[in-house]
Structures are given as structure tokens and as C-alpha cells.
Amino acid sequence: MSKDNGGPAFPRDGYQIEDEYGRKETIQGKNGMTLRDYFAAKAMQGMIASYGYLRSEVDVIAESAYDCADAMIARRSK
């Protein structure tokens, strides 16, 4: 079973543009990163800024950041 990723963090709707010659072009919408990734990036940024890191600790910090992100997503649904 996959974890709840929170959905897209910065979705952008599609839109249509017209150039100076009257040609129309449709720009497709984009979802960008997931909310889980965004939360994890913010948590990881704070951890590294507060404690620093050694190269050997990066995987532990990343795992902890995603644990924080999962907790934030779970808390949002309450």
C-alpha cells in the first residue's frame, strides 16, 4: 500500500495563449512535486540548518524528513 502523498503541492491549470499573429497555443497544466515531497524538503532544510550533516548521515536525515512529512499529512486529515 502506498503512502498518502498529499496530492500536488503547486498545481497549475492549463491555459491558452495567443501570439501577436493570432495563433493560439494551449499550455498543458502541471502538477509539480507532491505535497509530501515539499514537506520533506522543508523538514530536511530545517534539520540540516540546525544540526549540519556528515555525508554518511544524509540517508538518515532524508528518512527522518519523510517521516516528518508523513506525520504532517496525517495530521492534516484529522
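S.K.: Sorry, what's going on with the packing of aromatic side chains here?
M.R.: Note on aromatic pairs: each is described by the distance of the centres and the angle between the planes. Overall, the coordinates contain one aromatic pair when judged by the stated rule. Centroid distance Tyr 38 to Phe 39: 6.4 Å. Interplanar angle 45°. Geometry classified as tilted. Under the relative-accessibility criterion, Tyr 38 is labelled partly exposed at 27%.

S.K.: Could you clarify how one ought to interpret the nonpolar core in this entry?
M.R.: One finds Ala 9, Leu 35, Phe 39, Ala 40, Ala 43, Met 47, Ile 61, Ala 65, Ala 69 and Ile 73 forming the largest nonpolar core, which totals ten residues. Looking at this core, the elements that each hand over two or more residues are helix 1 (35-51) and helix 2 (58-76). If you tally residues by element for this core, the top one is helix 1, at five residues.

S.K.: Please clarify how the side chain of Asp 70 should be interpreted in this entry.
M.R.: Structurally, Asp 70 is set in helix 2. Asp 70 gets classed as buried once you look at its relative accessible area, which sits at 17%. Non-local contacts of Asp 70, meaning those with residues more than four positions away in its chain, are made with Lys 3 and Arg 36.

S.K.: How do you make sense of the environment of Asn 5 when you look at a structure like this?
M.R.: Among the structural elements, Asn 5 can be located in the segment before strand 1 (15-18). For Asn 5, a relative accessible area of 33% translates into the label partly exposed. Put simply, Asn 5 and Cys 68 are 63 residues apart on the chain and 12 Å apart in space, counted from C-alpha to C-alpha. If near-sequence neighbours (up to four positions away) are discounted, Asn 5 is found in contact with Thr 34, Leu 35, Arg 36 and Ile 73.

S.K.: Got a minute to help me understand the pairing of strand 1 in this structure?
M.R.: Successive side chains on a regular strand alternate, one facing one side of the sheet and the next facing the other. The sheet contact formed by strand 1 and strand 2 (residues 24-27) spans four bridges and is antiparallel. The partner of Tyr 15 across the bridge, within strand 2, is Ile 27. If you look at the hairpin formed by strand 1 and strand 2, you'll find five residues sitting between the two strands, and Gly 22 has a positive phi there, around 85°.

Thresholds, definitions, all that
- Residues numbered from 1 in each chain as written.
- Predicted model: local features only at pLDDT ≥ 70, side-chain atom pairs only at ≥ 80, totals over all residues.
- Heavy atoms only, no water.
- Phe/Tyr/Trp six-rings, centres within 6.5 Å; stacked < 30°, edge-to-face > 60°.
- Buried < 20%, exposed > 50% of the residue type's maximum accessible area, 1.4 Å probe, protein only.
- Core = buried A, V, L, I, M, F, W, Y, C linked by side-chain atoms within 4.5 Å.
- Helix = DSSP H or I, 4+ residues; strand = E, 2+ residues; numbered from the N terminus.
- Contact = heavy atoms within 4.5 Å.
- Pairing = 2+ DSSP bridges.

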